[in-house]
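Examination of the molecular architecture
Spelled out from the first residue to the last, the chains are:
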Amino acid sequence: MLRLRELTCGYGRSAVVHGIDLDVGVDEVVAVMGHNGAGKTTLLRAVVGLIPAMGRGTIEFADAAGNWTDVTGRPANRRVRSGMAYVPQGQQCFAHLTCAENLRLVADGRKRGKALIDEQLDLFPALRGLLTRQAGLLSGGQRQQLAIARALIGEPRLLILDEPTEGIQPTVVAEIESTIVALAARGGLSVLLVEQHLGFALQAASRYYVLRSGRIASEGETGTGAEARVREAMAI
Ligand SMILES: Nc1ncnc2c1ncn2[C@@H]1O[C@H](COP(=O)(O)OP(=O)(O)OP(=O)(O)O)[C@@H](O)[C@H]1O
Ligand SMILES: [Mg+2]
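Not measured: the values here are computed from a predicted model.

Bringing the overall build of the protein into the picture now. Counting its secondary structure elements, the protein contains 8 helices and 11 strands. Its C-alpha atoms give the protein a radius of gyration of 17 Å, within 12% of the compact-globule value 18 Å for 236 residues. Here the C-alpha coordinates of the protein stretch approximately 45 × 35 × 35 Å along the principal axes. For the protein, with 236 residues in total, the buried portion stands at 50%. Taking all contacts inside the protein whose residues are at least 6 apart in sequence as the whole, residues at least 24 apart take part in 67%. Approximately 10800 Å² of the protein is accessible, and the part contributed by carbon and sulfur atoms is 49%. Looking at charge distribution, the protein has the averaged site of its 26 positive side-chain charges lying 6 Å from that of its 24 negative ones.

In structure tokens, the structure reads:
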């Protein structure tokens, strides 16, 4: 689905992420962990095309039939059109628009727009009672659910989530976790998940990468022994 090879990226001339190889398979959930400043968000921005790759690194993305395309030089809008959706860190929504308007922004103009909104409301039932409320007035957890729902209306094949549980109370973290796990189990969607909550990340993902100072310090399958390896790589 997604294949990064020797990907280097950063800001201006200074690289933050150095020569990363990373794969996300079809219907797979992959977690990227690491301390603050490790380069997790920078990596995601390069994947979705908000910052360019540097040097000879490549980003390849497979279409629904499994044919790979090198998207390294493609603008973000084309990557989104080909099936990526990005939910940035910080529960970002259009604060002055209502929940419904936030969802309609993506749904309008899509053939199944109304049905797609309904599907997301089934997935995040808490949003049903909040449709007429301004997004800026929602709690962090509600806004995060709205941001994920909005991304899903675009019917992505790869959902890219940057710390969906950051700053959110534990009960809502559990809700978001079970929704992501359920989504992935349903099939048709791969997830690249940046997450600092190790418990959540290792539960939701089948494979993980630990970033340290922009390099991969550890990678492997989740499951027995993974948490200890991750903790060691993160020196916690
Ligand atoms: N727009 C920017 N311009 C210049 N440097 C940046 C920019 N954004 C981030 N950086 C730097 O890049 C490095 C990695 O930042 P990044 O946001 O990718 O880390 P992160 O792993 O996502 O951290 P966090 O867990 O705090 O979100 C940091 O040293 C940061 O200061
Ligand atoms: Mg970040």
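Of all hydrophobic cores here, the largest spans 49 residues; its most connected members are M33 and L159. The biggest single contributor to this core is helix 5 (residues 140-153), with 7 residues. Once residues lying within four places of it in the same chain are set aside, the contact partners of M33 are K40, E195, L198, A201, L202, Y208, Y209, V210, L211, V230 and M234. Counting residues in each nonpolar core, the second largest holds 29 residues, with A38, L43, L44 and I59 among its members.

Looking at chain direction, strand 1 (residues 2-11) and strand 2 (residues 14-24) are connected through 7 bridges and run antiparallel. Bridge assignment links L2 to a residue of strand 2, and that residue is V24. Turn length for the strand 1-strand 2 hairpin, with the two strands adjacent in sequence and antiparallel, is 2 residues, and the turn residue G12 shows positive phi of about 60 degrees. Judged from the 4 bridges that link them, strand 1 and strand 5 (residues 58-62) form a sheet pairing that is antiparallel.

Rules behind the numbers
- Residues numbered from 1 in each chain as written.
- Chains lettered and ligands numbered in written order.
- Predicted model: local features only at pLDDT ≥ 70, side-chain atom pairs only at ≥ 80, totals over all residues.
- Heavy atoms only, no water.
- Helix = DSSP H or I, 4+ residues; strand = E, 2+ residues; numbered from the N terminus.
- Rg over C-alpha atoms; globule rule 2.2 N^0.38 Å.
- Buried < 20%, exposed > 50% of the residue type's maximum accessible area, 1.4 Å probe, protein only.
- Contact = heavy atoms within 4.5 Å.
- Areas by Shrake-Rupley, 256 points an atom, 1.4 Å probe, with all protein chains shown as cover.
- Lys, Arg positive; Asp, Glu negative; His and termini not counted.
- Charge placed at Lys NZ, Arg CZ, Asp CG, Glu CD.
- Core = buried A, V, L, I, M, F, W, Y, C linked by side-chain atoms within 4.5 Å.
- Pairing = 2+ DSSP bridges.

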